[in-house]
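Survey of secondary and tertiary structure
Listed below are the residues making up each chain.
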Amino acid sequence: MATTRPMLDAPILLTLLLTVSIIRHLLIGAADHRRAATNGNSAPPPMLLPLYHSSPNASLQRRDASGMSEKRRLQIAASRKDSARMRLYDNLLTDGYYTTRLWIGTPPQEFALIVDTGSTVTYVPCSNCKECGKHQDPKFQPDKSNTYEPVKCDLNCNCDMEGKYCIYDRRYAEMSSSSGVLGEDLISFGNESQLVPQRLVFGCENVETGDLYTQRADGIVGLGRGQLSIVDQLVEKSAISDSFSLCYGGMGTTGGAMILGKIPPPPNMAFTRSDPYRSPYYNIDLKEMHVAGKPLRISPKIFDGKYGTVLDSGTTYAYLPEDAFIAFKNAIMKERPNLKQINGPDSNFNDICFSGAGSNVSELSKTFPEVSLVFGNGQKVLLSPENYLFRHTKVRGAYCLGIFQNGNDPTTLLGGIVVRNTLVTYDRESEKIGFWKTNCSNLWKTLNISTAAAPAPEPAPTATPASPTVSALPPTVSSSTGKDVSLPPEPATSGSPQTRLPGELRIGFITFDMLFSTNNSGSKLNLSELSEAIAHELNVDNSQVRLLNFTSVENSSSVQWAIYPAEPASYFPTATATTIILRLTARQLHLPNSYRNYQVVDWKIQPRTKRNWWGQHMLAIIVGLMIIT
């Protein structure tokens, strides 16, 4: 918006700009917080805000040695088309979070990190950490990375006791904490991304407590505003434009997608202002809530208390100020008079639950009302029942409200449940956030975004003359014969570091055996659900996953699967087959909790098979006979 304003003297203008910059970064430095991981069995405590604020001097410097301003960098970044397209894993309600995969170091070491827009530091456990819990992956080993360097102490960071290296310390309101040294290394974003590995600063944990110690995930990837944020660092390097997007899977599904960098906004995406000066968190300009098309009878100012309305990917549920929550709860109950209200799954919480809705998620909109979030500019986001309900874990066909009262805190906090099956774009450059309802499991196809592998990485600076090859996948896997299969990178001319299987073998299908231990599960395997989860994790259609054999003996079950190429292809692209095999052998199938105790005990690749005339035309013959009869 262009407005006419009186001219200010240069010294006064400079002083004002500097003051605004300092205030902004003081706010940003206070932005880190974390919520306790919860599960679907109970409602979590109200919103938890940080008790500890990082030193403000760690976030003030905004120009590099060349004197290039942030605005200039944003202009350059906006012209770049590279982006990191990444998969999300786990389940919001059963795990309490979503994770993505990052690879750190040379050769790369893999980590599962919680996606958190409320944190501004990315950190993983370090190998010398004696006070770190047991997590999904091994600890980061700096001495095994040829490109790792600790960040040396200077005026822009907090220093260790010896004044030698920069350190970080994050303490959270639920009494957990993370502290350690800051290091710099190559971080890779996976073979589905265009973005090449980048040298970034991250935290190498020496101590972690509370939920950070007990959680399964390795650490956190910080997407908040701040100098140490992975987004800010990539923007400063002009590697991406100042934007990122998240898309969480729907009820009953795992995973989703994340994009670091700008994408063209889809048609009908609803945008709202996100004022970076309003609070240190990502906020939206929420003015009204409608239930079944009727506005709640509350003042619009109720959504502007304290930090305003905060959008936070690291929080599981949603929390409203008291008056807004009461109005919302009453409106939902008024629209559902025929449903029976029942006790929640956990007696420790007074959850509001209903039975008799049926177990088909796609039919919930026939039973529960539509909810709308209305922004200050008049645009709105429609919420389906899966955006404010969670499944009752003890009563089939029952659901509970996933929106709670935020204690005495006047802040409105919208967690991940509100944006399930919703593409959320954090357009930080334009200071706005967009919402678009979609199926997050098919996001790439919906947006017509190619999942081609990333371009070849730039040479990594090392002490040796020859820089090692950086790949986002492990260099070797073992076949069912016990022999190592070398996976060399593609030739540089292809523009891809993606690995490939040797030779020109055309792979017709891939078979693998999974062994499940059922000692403590108390239930049988749901093969249909398991098939869908495997398809999602291998990034293939459900029709490509076929059950070949199933046996169950005492406390173990063996399942044999086959993965076929997508129709009408009769063989896999080599890169696709390689990715599938690597995910299988590296135990990268992040299945729901009830299926996590598994082993891939054998896998085989089968060559392309030629079908005879009868095989090629069998389906047509059967259909013809059915028509005749």
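Residues numbered from 1 in each chain as written. Predicted model: local features only at pLDDT ≥ 70, side-chain atom pairs only at ≥ 80, totals over all residues. Heavy atoms only, no water.

Mapped onto the elements of the fold, Asp185 is located in strand 8 (residues 177-188). Arg199 provides the closest opposite charge to the buried, salt-bridge-free Asp185, at an N-O distance of 4.5 Å. Separated by 2.4 Å, the side chains of Asp185 and Thr147 make a polar contact. (Helix = DSSP H or I, 4+ residues; strand = E, 2+ residues; numbered from the N terminus. Buried < 20%, exposed > 50% of the residue type's maximum accessible area, 1.4 Å probe, protein only. Lys, Arg positive; Asp, Glu negative; His and termini not counted. Salt bridge = Lys/Arg side-chain N within 4 Å of Asp/Glu carboxyl O. Polar contact = N/O pair within 3.5 Å; in protein donor to acceptor, adjacent residues only side chain to side chain.)

Before going further, it helps to examine helix 6 (residues 322-335). Along its 14 residues, helix 6 runs 20 Å from first to last C-alpha, staying within 8% of the 20 Å computed at 1.5 Å per residue. On its buried face, helix 6 sits against strand 15 (286-291), strand 18 (318-320), strand 21 (371-375), strand 24 (399-401) and strand 25 (403-405). (Expected span 1.5 Å × (residues − 1). Contact = heavy atoms within 4.5 Å.)

Okay, the environment of Asp143 next. With respect to the helices and strands, the residue Asp143 is situated in the loop between strand 4 (123-125) and strand 5 (149-150). For the pair Asp143 and Ser127, spaced 16 residues apart in sequence, the C-alpha separation works out to 9.0 Å.

In this section: the pairing of strand 12 (residues 256-260). The element strand 12 is extensively covered by neighbouring structure, given that five of its five residues are classed as buried. Both faces of strand 12 are covered, namely the face carrying Gly256, Met258 and Leu260 and the face carrying Ala257 and Ile259. The pairing of strand 1 (residues 84-89) with strand 12 spans five bridges and is classified as antiparallel. For Ala84, the partnering residue across the bridge sits in strand 12 and is Leu260. (Pairing = 2+ DSSP bridges.)

Here is the idea: a disulfide is a covalent bond, and it sits between the sulfur atoms of two cysteines. Enumeration according to the criterion identifies six disulfides in this entry. The disulfide bridge from Cys157 ends at Cys166, spanning 2.0 Å between sulfur atoms. In this structure, the disulfide formed by Cys157 and Cys166 twists by about -75 degrees around the S-S bond and is classed as left-handed. For Cys157, a relative accessible area of 10% translates into the label buried. On the basis of relative accessibility, which here comes to 2%, the residue Cys166 falls in the buried class. Sequential numbering of the bridged cysteines in the protein chain gives the disulfide pattern 1-8, 2-3, 4-6, 5-7, 9-12, 10-11. (Disulfide = S-S within 2.5 Å.)

Turning next to the nonpolar core. Counting residues in each nonpolar core, the largest one holds 88 residues, and the members touching the most others are Phe189, Leu223, Leu260 and Phe328. Composition of this core by domain shows at least three residues from each of domain 1 (81-240) and domain 2 (259-447). Membership of the second largest hydrophobic core comes to 26 residues, among which are Ala533, Ile534, Val545 and Leu589. (Core = buried A, V, L, I, M, F, W, Y, C linked by side-chain atoms within 4.5 Å. Domains from an automatic or database assignment.)

Moving on to the UniProt feature "active site" (unreviewed entry) in the protein chain. The sites that UniProt annotates as "active site" (unreviewed entry) are Asp116 and Asp312. These residues run over 197 residues, yet every pair of their C-alpha atoms falls within 7.2 Å of each other. Among the secondary structure elements, Asp116 is positioned in strand 3 (residues 109-116). For Asp116, a relative accessible area of 0% translates into the label buried. Mapped onto the fold, Asp312 is located in the loop between strand 17 (309-311) and strand 18. At 3.0 Å, the side chain of Asp312 and the backbone nitrogen of Gly314 are in polar contact. (UniProt positions renumbered as here; feature names shortened; annotations may be inferred.)

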